[in-house]
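Commentary on secondary and tertiary structure
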Amino acid sequence: MTVGADHMMNKMSATTEGLWICLFAAICVQTSFSSLPIVVNTWPFTNATEAGYNEFLRGGSVIDVVEKGCSKCEVLRCDGSVGEGSDPDEDGEVTLDAMIMDGKTMDVGSVGCLRNISSAISVARMVMERTGHTLLAGELATKFAVEMGFKESDLSSNKSDTMYKQWIENNCQPNYRVNVSPDPEKSCGPYHPSTNVLEESTRKDKGIGYLNHDTIGMVAVDTNGHVVSGTTTNGLNHKIPGRVGDSPIVGAGSYAQNEMGGAAATGDGDIMMRFLPSYTAVQLMGSGMTPSKAALFSIKPIINFYPEFNGAVIAVNTKGEHGAACHGSGIGTFHYSVKDNPDKVNLFSVKCV
């Protein structure tokens, strides 16, 4: 939906689907109304939405809902960017990031660069419930997972091995190294620091967008207004080994706070984590802003600094109202999934600004 110059700023009009909010006579966002309980997640990963909502029907907690919903995507390897078997790093290894946050207690569990454990969201929950910490990373996060009863396994697959081989054959492109030698835009490593004047890094030609980095972020709210959020991903394809993205970072990948709502982000995590868009969206909802407007305003600072970034934010308040906003030609139109009844999952879409 577009509006002409004769429309006033902040004009609102009711529709059968929700409320259109038009900002600055050029951008329209839509807030949609639902009922509680509700499950909302990024992308059309409807099997995950369904799995999460089914936990409500079975009498599970809202924490169960988010864990089971995200776990479903890990098992299904949603679009290849969640779970094992895809998007290897520079060494050909698949590692996982995940987090879960309880908006009632403000407890959080996260894992970053998790190796050889496929159930990242469940390990994150263990961090939340079985430790006094927030984030565990790398091999020692794996050690913790094994102590908690998880089984180690190789996270690579024929697909990830092929992706790695093709990347090597393509002179290690795309490449996230900068200011190193040999030239990372033309050659594989090993690399060492360049003696040249430092150059500003760019996100161009990295292929960051839909089908490359579409993390699942999920927010669930029960009938008592208890909010929980979570994320899980295998991260950015061909990342530098050891990289941790925005998904396990509180306020970046997701955020939840009772009496306000929950939000989750997806996209170019290295950029988005610098602005904590999920935290921003929740705080704006807490001040009375609609979910769609909060999502839009949470990404506007990112757009100002990085106009070429690709990403999206979903937001849900404690009344079941939900919305989203996105930016970038790599996405174009962003789709997200909602289930607030036993019958079906509904898909919603927003045009990126």
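Values in this document were obtained by computation on a predicted structure and should not be read as measured data.

A separate point is the overall build of the protein. Summing up its helical and strand segments, the protein has eight helices and 17 strands in all. Looking at the 353 residues of the protein, the share that counts as buried comes to 56%. Looking at the protein alone, contacts between residues at least 24 apart form 61% of all its contacts between residues at least 6 apart. Surface summary for the protein: the accessible area is close to 15100 Å², and the carbon and sulfur share equals 50%.

It is worth spelling out the packing of aromatic side chains at this point. The tally for this structure, following the rule as stated, stands at eight aromatic pairs. Centroid distance F275 to Y306: 6.2 Å. Interplanar angle 85 degrees. Geometry classified as edge-to-face. Taken together, the residues span a long stretch of sequence, with F275 in the loop between helix 6 (269–272) and helix 7 (277–286) and Y306 in the loop between helix 8 (291–305) and strand 14 (311–317) at a distance of 31 residues. Three or more aromatic residues link up through ring pairs in this structure, and these residues are W43, F334, Y336 and F348.

Moving on to the nonpolar core. In a soluble, globular protein the nonpolar side chains are often hidden away together inside. Membership of the largest hydrophobic core comes to 79 residues, with the highest contact counts inside it found for I100, V111, L114, V123, V313 and F334. Excluding residues that lie within four positions of it along the chain, F334 makes contacts with T42, W43, T266, A312, I314, A324, C326, F348, S349, V350 and C352.

The next subject is the pattern of salt bridges. As enumerated under the stated definition, the model contains twelve salt bridges in all. Notably, a salt bridge pairs K339 with E50, separated by 3.5 Å at the nearest N-O pair. Within this pair, whereas K339 is found in strand 16 (residues 333–339), its partner E50 is found in helix 1 (residues 46–57), the two being separated by 289 residues in sequence. A relative accessible area of 0% means that K339 is categorised as buried. Notably, a salt bridge pairs E321 with K319, separated by 3.8 Å at the nearest N-O pair. Residue classification places E321 among the buried positions, given a relative accessible area of 13%. Residue classification places K319 among the exposed positions, given a relative accessible area of 57%. The network of salt bridges with common partners includes D64, E67, R125 and E129.

Reading the values: the criteria
Residues numbered from 1 in each chain as written. Predicted model: local features only at pLDDT ≥ 70, side-chain atom pairs only at ≥ 80, totals over all residues. Heavy atoms only, no water. Helix = DSSP H or I, 4+ residues; strand = E, 2+ residues; numbered from the N terminus. Buried < 20%, exposed > 50% of the residue type's maximum accessible area, 1.4 Å probe, protein only. Contact = heavy atoms within 4.5 Å. Areas by Shrake-Rupley, 256 points an atom, 1.4 Å probe, with all protein chains shown as cover. Phe/Tyr/Trp six-rings, centres within 6.5 Å; stacked < 30°, edge-to-face > 60°. Core = buried A, V, L, I, M, F, W, Y, C linked by side-chain atoms within 4.5 Å. Salt bridge = Lys/Arg side-chain N within 4 Å of Asp/Glu carboxyl O.

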